[in-house]
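# Coordinate inspection notes
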Amino acid sequence: MKILTIGGGAREHAAIEALARCDVEIYAVMKNTNPGIKARAKKILNCGESDVDTICDFAIENQIEYAFVGPEAPLSAGVVDALENIGIKCASPTQAAARIETSKTFMRNLVQNHNIEGNLGFKSCETADEAIEYVKNAPYDFAVKPVGLTGGKGVKVMGDQLKTIDDAIDYINEIFDGNVGGGKVIIEEKAVGEEFTQMVFTNGSEIIPMPLVQDHKRAYEGDEGPNTGGMGSYSDADHLLPFVTEEDRAKALSIVESIVKALAEEGCPYRGTMYGQFMLTKDGPKIIEINARFGDPEAMNVLTLITSDFSEVIKWMSGGKIKNDVTFANKATVCKYIVPTGYGVRSESGHTITVDIDGIKNAGAIAYYGSIDEKEDGTLVTGTSRSIGVVGAGDTLEDAERNCEAALGYIKCDAIYIRHDIGTAALIQKRVDHMKQLRGQ
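Before going into details, it helps to say that this report is about the structure given with it. In this text, all values refer to a predicted model and were calculated from it rather than measured experimentally.

### Some points on the overall build of the protein
- Of regular secondary structure, the protein possesses 15 helices and 25 strands.
- In terms of C-alpha radius of gyration, the protein reaches 21 Å, essentially the compact-globule figure of 22 Å for 441 residues.
- Considering only residue pairs separated by 6 or more positions, the protein has 67% of its internal contacts joining residues 24 or more positions apart.
- Entry remark: accessible area of the protein is about 17400 Å², with carbon and sulfur atoms responsible for 45%.
- Separation of charge centres in the protein, based on 45 positive and 65 negative side chains, amounts to 1 Å.

Here's what the structure looks like:
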């Protein structure tokens, strides 16, 4: 079985490590030379991950049977449509189905029109004047978001990054003037609670849930600093989270399942990995975003735990049949990203980084390479985005966090930063106490 993967980040490295445990040949397309992916792939192609024609030529040349796309940009560019047109089965959504992520307006309207629970108040605005007029009289506290893709860094929330209405107006003008996220804005009701991620595999009609994960967007410890693509994440051994009940999870899964059904009814069936980002409020889960892929870093948590043949899941998402139930180990995981100094504001890239893989493994962890480039002489150099995700696993969250911290000591670089508080008992208890307060417990 020949599988083509697209993407050169830690999320894709995690997927490839899961595939490497199966009887498959891996072919990889990425813009950088990710050393972890390179070590597992039979053949790699360095090119733009949205370079549709070059990717299709590579797939034809190597007689690819299945394809899996990691990042959102190639989905938006229609790489799945092009690969399917040349007879390659894809475990990722088409351009039309991927609008669930690439257009926040499309997502909100879909949820509203199909009467799906968990929606928030929203107003999609085509012009800056329209958006400014709306925020001046908005009936709720709000978040300002570019409608299109921004790599998880485009959201600004009233009372947080936006202190005043003037701040909101300035940000709206910035989006339209710079054509950020397509140069359109959506104003959404601010949801108060704790965020969690519920990812699923889907074949267009059925869903297979993955363990719950909580990501940490803020750059600095104590949830301070600018928003990022995600500084780290954790999952618990029971596949819930300490502040999420079985009932909460069932509601989130019902929402995701309803969205999959709605997309099929709209004529754009969704196949692949779907990532539901929810805010758990006092009234239950509310939709923050629906993404057309694995979360990053959340993919590293769940793919570290998957005990099934991941290639069978790829086949099933591509329209085939699955032989066995999809299972995950009952272990806790803690992922902490090593990022370049200045990440979230202005990254210091181009620094040599050394990684002792054996030391990390002996510490009870695994490292997934992200924005790292391997030079011809084997030297590893940091890029501008997140460098390496280190995932510790254990019977408890305490064990997993301890193993992650021990493993981080086997990576050396003179210009890196880590949020060490992710997965710690103190920070998790803060989340639990917050939900108890909101629910009046």
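### A closer look at the pairing of strand 7 (residues 142–146)
- Of all 5 residues in strand 7, 5 are buried; the element is thus mostly enclosed.
- Neither face of strand 7 is exposed, since Phe 142, Val 144 and Pro 146 on one face and Ala 143 and Lys 145 on the opposite face are all buried.
- Relative to strand 9 (residues 185–189), strand 7 runs antiparallel, the two sharing 5 bridges. Opposite Val 144, over in strand 9, you have Ile 187 as the bridge partner.
- Of the pairings in the sheet, the one linking strand 7 to strand 8 (residues 156–157) comprises 2 bridges and is antiparallel in character. Across the sheet, the residue bridging to Val 144 is Lys 156, located in strand 8.

### Here's the deal with the sheet that holds strand 7
- With antiparallel pairing, the 4 strands of this open sheet are ordered in space as 6-9-7-8. Two strands in the sheet have a free side with no partner beyond their single neighbour: strand 6 (122–125) and strand 8.
- Bridging between strand 6 and strand 9 involves 4 bridges; their strand directions are antiparallel. When the sheet's bridge partners are listed, Lys 123 is paired in strand 9 with Ile 187.
- In the packing of helix 7 (residues 104–113) onto the sheet, the strands contacted are strand 6, strand 7 and strand 9, and the crossing angle to strand 9 comes to about 45°.
- Contacts between helix 8 (residues 128–136) and the sheet are confined to strand 6, strand 7 and strand 9, with strand 6 contributing the most and set at about 155° to the helix.

### Brief notes about the packing of aromatic side chains
- Throughout the structure, instances matching the rule amount to 7 aromatic pairs.
- Through pairs of rings, three or more aromatic residues link up here, namely Phe 68, Phe 201, Phe 294 and Phe 310.

### A look at the packing of helix 8 against helix 9 (residues 165–178)
- Running from N to C, helix 8 and helix 9 cross one another at 160°; their axes reach a closest spacing of 10 Å. The angle between helix 8 and helix 9 places the two elements in the roughly antiparallel class. The chirality of how helix 8 crosses helix 9 is right-handed. When helix 8 is examined against helix 9, the residues Ala 128, Ala 131, Ile 132, Val 135 and Lys 136 are found in contact with a partner set consisting of Ile 165, Ile 169, Ile 172, Asn 173 and Phe 176.
- For the contact of helix 8 with helix 9, the residue count by class is 8 nonpolar, 1 polar and 1 charged.

### Some points on the side chain of Arg 218
- Residue placement: Arg 218 occurs in strand 13 (residues 218–220).
- Here Arg 218 falls in the buried class, since its relative accessible area comes to 17%.
- Dropping the residues within four chain positions of it, Arg 218 is found in contact with Asp 160, Gln 161, Asp 223, Glu 224, Gly 225, Pro 226, Asn 227, Met 231 and Arg 419.

### Describing the pairing of strand 4 (residues 66–69)
- Of the two faces of strand 4, the one carrying Tyr 66 and Phe 68 and the one carrying Ala 67 and Val 69 are both buried.
- Judged from the 4 bridges that link them, strand 1 (residues 2–6) and strand 4 form a sheet pairing that is parallel. Bridged to Thr 5 within strand 4 is Phe 68.

### Here's the deal with the sheet that holds strand 16 (residues 272–281)
- The strand order across the open sheet built from 4 strands is 11-10-16-17, with neighbouring strands paired in antiparallel fashion. Two strands bound the open sheet, and with one partner strand each, they are strand 11 (207–209) and strand 17 (284–291). Across the sheet, the axes of successive neighbouring strands diverge by a mean angle of 35°, strand direction being ignored.
- As paired elements, strand 16 and strand 17 share 7 bridges and run antiparallel to each other. Within the sheet, the bridge partner assigned to Met 279 lies in strand 17 and is Lys 286.
- Sheet strands in contact with helix 12 (residues 310–317) are strand 10 (194–202), strand 11 and strand 16, and its direction is about 80° off that of strand 10.

### Remarks on the pattern of salt bridges
- A full pass over the atoms with the stated rule returns 31 salt bridges.
- Lys 336 is paired through a salt bridge with Glu 401; the nearest N and O atoms lie 2.7 Å apart. Of the two residues, Lys 336 is situated in strand 18 (residues 332–340) and Glu 401 in helix 14 (residues 397–408); the sequence distance between them amounts to 65 residues.
- A relative accessible area of 0% means that Lys 336 is categorised as buried.
- The network of salt bridges with common partners includes Arg 11, Glu 12, Glu 72, Glu 101 and Arg 293.

### So, the environment of Tyr 369
- If you trace the backbone, Tyr 369 turns up in strand 20 (residues 365–369).
- For the pair Tyr 369 and Gly 36, spaced 333 residues apart in sequence, the C-alpha separation works out to 6.0 Å.
- Excluding residues that lie within four positions of it along the chain, Tyr 369 makes contacts with Gly 9, Ala 10, His 13, Asn 34, Pro 35, Gly 36, Val 355, Ile 357, Leu 380, Ser 387 and Ile 388.

### Description of the environment of Val 213
- Secondary-structure assignment places Val 213 in the loop between strand 11 and strand 12 (214–215).
- As a C-alpha pair, Val 213 and Gln 198 span 15 residues in sequence and 6.9 Å in three-dimensional space.
- Aside from chain neighbours lying at most four places away, what touches Val 213 is Phe 196, Thr 197, Ser 233, Tyr 234, Ser 235, Leu 241, Glu 298, Asn 301 and Val 302.

### A closer look at the side chain of Ser 318
- Summarising the element assignment, Ser 318 is placed in the loop between helix 12 and strand 18.
- Judged by relative accessible area, which is 12%, Ser 318 ranks as buried.
- Here the side chain of Ser 318 touches Ile 314 through a polar contact of 2.8 Å, landing on its backbone oxygen.

What counts as what
Residues numbered from 1 in each chain as written. Predicted model: local features only at pLDDT ≥ 70, side-chain atom pairs only at ≥ 80, totals over all residues. Heavy atoms only, no water. Helix = DSSP H or I, 4+ residues; strand = E, 2+ residues; numbered from the N terminus. Rg over C-alpha atoms; globule rule 2.2 N^0.38 Å. Contact = heavy atoms within 4.5 Å. Areas by Shrake-Rupley, 256 points an atom, 1.4 Å probe, with all protein chains shown as cover. Lys, Arg positive; Asp, Glu negative; His and termini not counted. Charge placed at Lys NZ, Arg CZ, Asp CG, Glu CD. Buried < 20%, exposed > 50% of the residue type's maximum accessible area, 1.4 Å probe, protein only. Pairing = 2+ DSSP bridges. Axes fitted to C-alpha atoms, helices over the stretch in contact; angles between N-to-C directions. Phe/Tyr/Trp six-rings, centres within 6.5 Å; stacked < 30°, edge-to-face > 60°. Parallel < 35°, antiparallel > 145°, perpendicular 65-115°, else oblique. Left-handed = near helix turned anticlockwise from the far one by under 90°. Nonpolar A, V, L, I, M, F, W, Y, C, P; charged D, E, K, R; others polar. Salt bridge = Lys/Arg side-chain N within 4 Å of Asp/Glu carboxyl O. Polar contact = N/O pair within 3.5 Å; in protein donor to acceptor, adjacent residues only side chain to side chain.

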